[in-house]
Every structure is written in C-alpha cells, then in structure tokens.
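# Architecture at a glance
Read off the chains here:
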Amino acid sequence: MKTFCGRANPTTGAMEWLEEDENYDYHQEIARSRYADMLHDKDRNVKYYQGIRAAVSRVKERGEKAIVLDIGTGTGLLSMMAASAGADFCYAIEVFKPMANAAVKIVEKNGFRDKIKVINKHSTEVTVGPDGDMQCRANILVTELFDTELIGEGALPTYEHAHKYLVQEGCEAVPHRATVYVQLVESKRMWSWNKLFPVHVEAEDGEKIIVSPSEMENCPGVPSVCDIQLNQMPSRDFTILSDVVTMFSVDFSKPVRSASTYYRVQLEPVKSGKAQIVLSWWDIDMDPSGMINCTMAPYWVKSTSAFQWRDHWMQCVYFLPNEEPVLQGEKVYLTACRDEYSVWYTLQKASPENKAAISVESPVCRCQAHLLWNRPRFGQLNDQNRTSQYIKSLMKVLKTDSVCLCISDGSLLPVLAHYLGAKQVFTLENSSVSRSVMEKFFKANHLEDKIKIIEARPELLTSSHLEDKKISVLVGEPFFTTSLLPWHNLYFWYARTAVTSHLASNVTVLPQSASLHMMIVEFQDLWRIRSPCGTCEGFDVQTMDDMIKNSLNFRESKEAEPHPLWEYPCKSLSDPQEVLTFDFRKTVPQHSLSTEGSVNLLRKGKSHGAVLWMEYHLAADISVSTGLLQISNEKGNCEWNPHCKQAVYFFSSVIESETLSDIPSAVTYAINFNTKTGDIAMDFKLL
Ligand code: SAH
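Here the structure is a predicted model, which is why all the values come from computation and not from measurement.

## Regarding the overall build of the chain
Scanning the chain from N- to C-terminus turns up 16 helices and 38 strands. For the chain, whose C-alpha radius of gyration is 28 Å, the value lies close to the compact-globule estimate of 26 Å for 687 residues. Each principal axis of the C-alpha atoms in the chain carries an extent, and together these give about 90 × 70 × 50 Å. Counting across all 687 residues of the chain, residues that qualify as buried make up 56%. The long-range fraction of contacts in the chain, counting pairs at least 24 apart against all pairs at least 6 apart in sequence, stands at 77%. A total of about 29000 Å² of accessible surface is found on the chain, and carbon and sulfur atoms cover 48% of it.

Now the structure itself:
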C-alpha cells in the first residue's frame, strides 16, 4: 500500500504530494516522536510510579481487586508500574498500531504477559463485558494524555467517555487532578509574535512609517497554542503584572465534562502596565493529598533544584485579543474559555453582568495575516535591527530609475523599496492569502497604486505583468512559507533563475549571495530527545529504542531536523565555518555543489551534533544571519537568531554512548547540495 505525504519542494517553493511507502508516515512519526523524551523525564516517571503505587494500595486496603485501565499506554510503562505495584490486572489501550505492537513486546520481555492485556484500539472503541475487550470496568484509571496545553491531545473527551463506559464510580485516578495556572504579563518581545508594529523607514524625503491595517490590529489571531520553553525567556524580556493564579482544575477521579465552558478569576495587578500576554502552565497531583506533584512551573515560580528539563511538556503563551492598560491594585477579570481541545483568554475591566457577555467563540483570524505569517515570522518582521540591514542595503543599490521585483512571501521589502526611491516596484505573491494580505497592507499605507502585486509563479511571469519593463533590481529576504530547513529559502535562487529573461543585463540581485554555515555543538539538553533510554524505572524499554533507531534509519541517509535553538541552549565546540556559497547573481548551476573538509574541536565537550544555518549577503559588507548571532563568552555559549529555526544534525554515535573512549579532536564533513532537488545531504565523522 502507498500513502501520500505532503512535502515542500525547495526548487518550486510549493507543497507537493509524494507517493511514499505506507511505512513512511509511521517511521516519521516514531523517529520524530516524543516517546524518548517522555521516557527520559525522570521526574514524571518517578511521580507516576509513586502515584500508581498509592492508588493500588488504596484499592487493596478496601479489600478490592485492583483492575487498571491505562489509556494511551505507549510503551506499556504505566501498566508495568501498576502490575509491579500489585495490580491484579491491567488493560493497556493504545490506538497507534506500531506502538501497540511495541507495547506487546515490551510487556512480554518484562514478564507481565499474564497481568497486562494490550488492546490496539482508541479508548472510545473499547468494549466491556464477558465477550468484550475488558471483562469488567476498572477501578484504577491511569493516563498520560496531556500536551503542553493539557487538553490539546483530547484528554477531556477521552476521560468523559472512560467515566461513562470503562471505569467504576469512585475509581482512583492517576493523576488525580490537574491544575492550570496563569500569570498576566506585558512583553514587547512576545507581543511582537502576534501583531505587526509600525516599521520606521528613514528615507531621503523624511521618515516614513509603515502601519498595519486596523483589521489586523484588531484581529484575535489564530487559536493554535503557542508552546515554548519559557525557561529560556530572560526575565528582562517581560514584566510581571499579576501574581500566579489558579485558572481551573480538573478532577480526573470524577466524571469529566468536555463540553465548552469558561472559567473566570479576579486579578489585582501588582504593577501598572499593558496587559498583553497570559503565560500559562499546569501541574498534576498524582494522588488526592497533593503530596506527589509534577509541575511545569517556570524558573521564576519554582526553585531551580526541582528543575526537570523536558520537551514534551512546556509552557503556553496566550495572546489577549487586544492589549489592555491595567493599573496596580485596580481589579480586572481574566476569563479562560475552552472547547474540547483548546483554551483562549480574554480580559475584562468589570465583571460582566450577564453570562451572554462572555465570548466563548474561539479566536479566528479575520485579517488573514495570521494565516500568512506564523509567530516567528511576525517576530522577524518586527525586528527593527533586521529591517535596518535591508534598508541600508536597498539604499546602496536603488537608483531613481530602478525597476524592482520582489520575490518573497508576504514581505515588507516592496514597501521599503518604494519609500527608498525605486521608480517602480512589483511583487510576486504566490498565494491568494499573501496577495490578499499584501493588498490590505498597501491600502492601509496608501500604496495600492504604487506597488503592483503579481499573483503568478516565477516561471509564469510574462513581460506584460511587468509592463514590458526589464528588472534592474531583484530583491528577496528571502523568506518562503513552505520552508522548513534553512536552505529551503534557496527557492529564491530557483525563482531568480526562472525570471532570468526579465532581468536587465546589469541587474542587481539583493541578496547577492548566500552561504551555508556549520558548527559543532554540545547541547545542554536537546540531545535527550534522540537518545536511547535502555531501562526506565527498572523496566526494559530497549524495544522502543530499537524501534526509534530503525525508523531513523528508514531513509538511507539521516536528515537534519529544524529546531529553534534560542529555546535549546548549546555551546560551540568548534569555530563556525562557512561550508557552501550560493551566488544569486548567476543562475542555479546544473551540477550539484559539494564540499568536504574538517573542523577542529576547540573546547572540551560532547559533540552531540552539527548546527547549520544560512547567512544572506545583502550588499557589500551587509549580511544577515538566520543562525548564530554570537558566541557570548569563553565557555562557548551561543546566541541564536530568535526568529528562525536552525538545522540540527545529531551524531548518533555520540548520543548513544555513555562514555567516549577517545575524545575526538576534529570532525570531518562532506556536504552536497543537489541542485536538482534543492536538498542538502551531509555526512560527518569524528576523528
Ligand atoms: N503512557 C505512556 C505513553 C504516553 S503518550 C507513557 O506515559 O510513557 C500517549 C499515548 O496515548 C500515545 O501513544 C497515543 O497514541 C495514545 N492515545 C492517546 N489518546 C488515546 C485514546 N483515546 N485511546 C488510545 N490511545 C490513545
């Protein structure tokens, strides 16, 4: 059987549907899954085990048999804990077939074959009765169905169903309860991920300010959760406006309702400021007493000694629909609305008299900008430092008779080019969403007659689109919404090649070139997500390690993966090295570009992998980096561009070995850019 998988093609900038082996999808899912990260989460595992032991004891003390229902068993871990704690029988439910198969193997290997029945079904399909999947209802309900937003993976409907059909009344639940906490903050940095700020342009005829359409300013944005490693957000980047308060909690031992609802708290700001952001996280109490607590609270709330790094549960950033000035001591009301799968927030100055005044509608982007620009992209467009590099470069290359064509998705470059004196500006907008957003944008700035939007793919560009003019300045950031890895924005080069016949013979291309850079790093924590687990709380889960390894090797060559490294601290072990350059003044060559070499390791540390990123050379002496910004101290701590994802290639040999016999002194690399596919293949060896 074959399946179709969506993938961006860097040579066309488009999403393509490729026919893949039926195993492809699930190998991807396993290779990139969070199972390894969960198994490494010692704090989580220990507390689940404590909670499960306590629940089994309580049931036994009542003289009952302990019958466990483990929904979403994954590796079977929680069921094995229950069986070890003395449970009489466990029903381990897992919907994902490859995981259910792995659970069967793991359960058997650990000797729990008689105690644990793995059922490969969604819990809502499970039947109870003499001929059913379960002989009888369970009296212990164990689950780990939570995401960073708590309910995003469908925990509520699953619990609702389980209480109705699969467990006894008065059952013990592990976890017993979850509580969601919030804190109101002002943060220009985080607010810049959701709203476009006015952009200042110093032009020859005075300062111009690019503004957003009011529709954009008042748009509530998109409902998808913004989950980040909040512990990497320095305290100087936000101002706390309220204490931490409990927003709502869910008791998992009682019937759970998943229907949409809302919760309201009164807040007394501890500081005056602009309420923009609600930071949120949760904790779970594994037992009714609350003595076994596992919390996602960030660094300023809990002591660092209790700190456990994890990537499968982080913290949430919610954007209020509008910023709201608040005064210290003057009470406000914060409302959390939720449906079955997501949460959103609104702030009121006065307590709404009638319930109808509460909006329970989930935020929907009305302005389309939130569909075109994701949160890092908003941050990037709001980065005035970055913008000023483009302004400086444009000033260098633009002349009063310049005819300018911009190729980038939803870019402000055409506006900059116009204000900085180009005679005529065209912009290629590939999709109807980007065309529509740019139209609104130009209108709000009274530029609708000044900049011409062409909704065509580069290869379909005609002279009539360009009013029979030749392009003297071709510009791109470059940025394309389909890019996943840094080099996917090389689509600009392909587009430049496709429009060659429309370029003047003395055309200036901005950026004139790009380069791929590489550095060997040691991660503080990120390596864990790709590291095998072996045993977890005494249970042999190597089958899982093997399965992940097998999935990673499913494609002959391992691939680099995108990660926003500002969230994942690392230190450099080598100097950054330029490994390939791409000359945009020329067309894409027929042959591939490859390079080989070696980098010396300058610092002691574990070479977890190589980080790769692109730099764009806009004009003479002006470059922007999408990766490393600087190495901040002698320890090699790195500062990364906060608006881009970098490519990480993990060295499995290092990550998998506990101890290194020989500390490598250098790393050799072979990197190949296939101009036919737009992909970069790489290979590294530690010497
Ligand atoms: N219990 C394991 C794994 C947790 S990950 C551990 O704690 O280590 C959650 C798992 O639940 C995933 O494997 C997912 O496929 C499965 N899952 C989620 N909702 C489910 C449902 N309603 N029925 C069955 N499986 C479910």
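## With respect to the site of the ligand
Neighbouring the ligand are 18 residues; Tyr35, Arg44, Gly72, Glu94 and Ser123 lie closest to it. Interatomic distance of 3.2 Å between a backbone N/O atom of Val95 and a nitrogen atom of the ligand. Note that a nitrogen atom of the ligand is positioned 2.9 Å from one of the backbone N or O atoms of Ser123. Protein contacts shield 90% of the accessible area of the ligand, which totals 580 Å² for the unbound molecule.

## Digging into the pattern of salt bridges
Within the structure shown, the criterion is met by 32 salt bridges. Linking Arg310 and Asp41 is a salt bridge whose minimum nitrogen-to-oxygen distance equals 2.5 Å. Within this pair, whereas Arg310 is found in the loop between β16 (293-295) and β17 (315-326), its partner Asp41 is found in the loop between α2 (35-39) and α3 (42-61), the two being separated by 269 residues in sequence. Taking the relative accessible area as the measure of exposure, Arg310 reaches 4% and is therefore buried. Close ionic contact of Arg530 with Glu561 constitutes a salt bridge, the shortest N to O distance being 3.0 Å. In this pair, Arg530 sits in the loop between β25 (513-523) and β26 (535-536) while Glu561 sits in strand β28 (residues 561-563), placing the two residues 31 residues apart along the sequence. The class of Glu561 is buried, set by a relative accessible area of 6%.

## A short note on helix α6 (residues 155-165)
Burial analysis of α6 places nine of its 11 residues in the buried class, the great majority of the element. For α6, the secondary structure elements touched by its buried residues are β3 (67-71), β6 (138-143), β7 (167-174), β13 (245-251) and β18 (332-338).

## What to know about the packing of α3 against helix α4 (residues 77-84)
Relative orientation of the contacting elements α3 and α4 amounts to 45°, with a least axis distance of 9 Å. Taken together, the axis directions place α3 and α4 in an arrangement best described as oblique. In the crossing of α3 with α4, the sense of the turn from one axis to the other is right-handed. In this structure, α3 contributes Arg44, Asn45, Tyr48, Tyr49, Ile52 and Val56 to the contact, and α4 contributes Leu77, Leu78, Met81, Ala82 and Ser84.

## Overview of the side chain of Asn231
Of note, Asn231 is situated in the loop between β11 (226-228) and β12 (239-240). Reaching out from Asn231, the side chain makes a polar contact with the backbone nitrogen of Tyr299 at a distance of 2.8 Å. Setting aside chain neighbours within four positions, we find Asn231 in contact with Pro298, Tyr299, Phe307 and Gln315.

## With respect to the sheet that holds strand β19 (residues 343-348)
In space, the three strands of this open sheet follow the order β14-β18-β19, with antiparallel pairing throughout. The sheet terminates laterally at β14 (261-267) and β19, the two strands that pair on one side only. Along the sheet, successive strands turn relative to each other by an average axial angle of 20°, direction set aside.

## As for the state of the cysteines
Summed over all chains, the structure comprises zero disulfides. This cysteine, Cys171, is not joined by any disulfide, and Cys136 carries the nearest cysteine sulfur, 13 Å off. We note that Cys533 lacks a disulfide partner, and the nearest cysteine sulfur, in Cys536, lies 4.8 Å from it.

## Overview of α4
Most of α4 is tucked away: seven of the eight residues are buried. Within the sequence span of α4, burial applies to Leu77, Leu78, Ser79, Met80, Met81, Ala82 and Ala83.

## Focus: the pairing of strand β37 (residues 666-674)
By the bridge criterion, eight bridges tie strand β31 (residues 593-600) to β37 in an arrangement that is antiparallel. Considered in β37, the bridge of Val599 is made with Val667. With eight bridges joining them, β37 and strand β38 (residues 679-686) adopt antiparallel strand pairing. By the bridge assignment for β38, Thr668 is matched with Lys685.

## A few points about the packing of aromatic side chains
The geometry of an aromatic ring pair comes down to the distance between the two centres and the angle between the two planes. Counting across every chain of the model gives 27 aromatic pairs. Relative to Phe539, the ring of Phe112 lies with its centre 6.1 Å away and its plane at 55°, an arrangement referred to as tilted. Residue Phe112 is found in the loop between α5 (97-109) and β5 (116-119), and its partner Phe539 is found in strand β27 (residues 539-540); the two are separated by 427 residues along the sequence. Accessibility classification places Phe112 together with Phe539 in one group, the buried group. Members of the aromatic cluster, joined through ring pairs, are Phe146, Tyr159, Phe252, Trp282 and Trp313. For the cation-ring pair, Arg53 lies above Tyr49, with the distance from its terminal atom to the ring centre recorded as 3.8 Å. One Lys or Arg, Arg377, reaches over the ring of Phe479 and ends 3.8 Å from the middle of that ring.

## Quick look at the environment of Pro288
Turning to its location among the elements, Pro288 is positioned in the loop between β15 (273-285) and β16. Sequence spacing of Pro288 and Leu580 is 292 residues, and the spatial spacing of their C-alpha atoms is 59 Å.

## Brief notes about the sheet that holds β6
If you trace the five strands from one edge of the open sheet to the other, you get β5-β4-β3-β6-β7, paired in parallel fashion. Each edge of the sheet is formed by a strand with only one pairing partner; in this case those strands are β5 and β7. Adjacent strand axes in the sheet meet at a mean angle of 25° when their direction is disregarded. Bridge count for β6 against β7 is four bridges, and the pairing is parallel.

## Quick notes on unusual backbone geometry
A cis geometry characterises the amide bond from Val174 onward to Pro175, with omega recorded as 0°. Locating Pro175 in the fold gives a position in the loop between β7 and β8 (177-186). Cis geometry marks the peptide bond from Leu510 to Pro511; its omega dihedral reads 0°. Within the fold, Pro511 resides in the loop between β24 (503-510) and β25. At Glu537, a position not held by glycine, the phi torsion is positive, near 50°. With respect to the element layout, Glu537 can be found in the loop between β26 and β27. On the basis of relative accessible area, Glu537 is assigned to the partly exposed category, the value being 23%.

The rules behind the values
Residues numbered from 1 in each chain as written. Predicted model: local features only at pLDDT ≥ 70, side-chain atom pairs only at ≥ 80, totals over all residues. Heavy atoms only, no water. Helix = DSSP H or I, 4+ residues; strand = E, 2+ residues; numbered from the N terminus. Rg over C-alpha atoms; globule rule 2.2 N^0.38 Å. Buried < 20%, exposed > 50% of the residue type's maximum accessible area, 1.4 Å probe, protein only. Contact = heavy atoms within 4.5 Å. Areas by Shrake-Rupley, 256 points an atom, 1.4 Å probe, with all protein chains shown as cover. Near = heavy atom within 4 Å. Polar contact = N/O pair within 3.5 Å; in protein donor to acceptor, adjacent residues only side chain to side chain. Salt bridge = Lys/Arg side-chain N within 4 Å of Asp/Glu carboxyl O. Axes fitted to C-alpha atoms, helices over the stretch in contact; angles between N-to-C directions. Parallel < 35°, antiparallel > 145°, perpendicular 65-115°, else oblique. Left-handed = near helix turned anticlockwise from the far one by under 90°. Pairing = 2+ DSSP bridges. Disulfide = S-S within 2.5 Å. Phe/Tyr/Trp six-rings, centres within 6.5 Å; stacked < 30°, edge-to-face > 60°. Lys NZ or Arg CZ within 6 Å of the ring centre and 35° of its normal.

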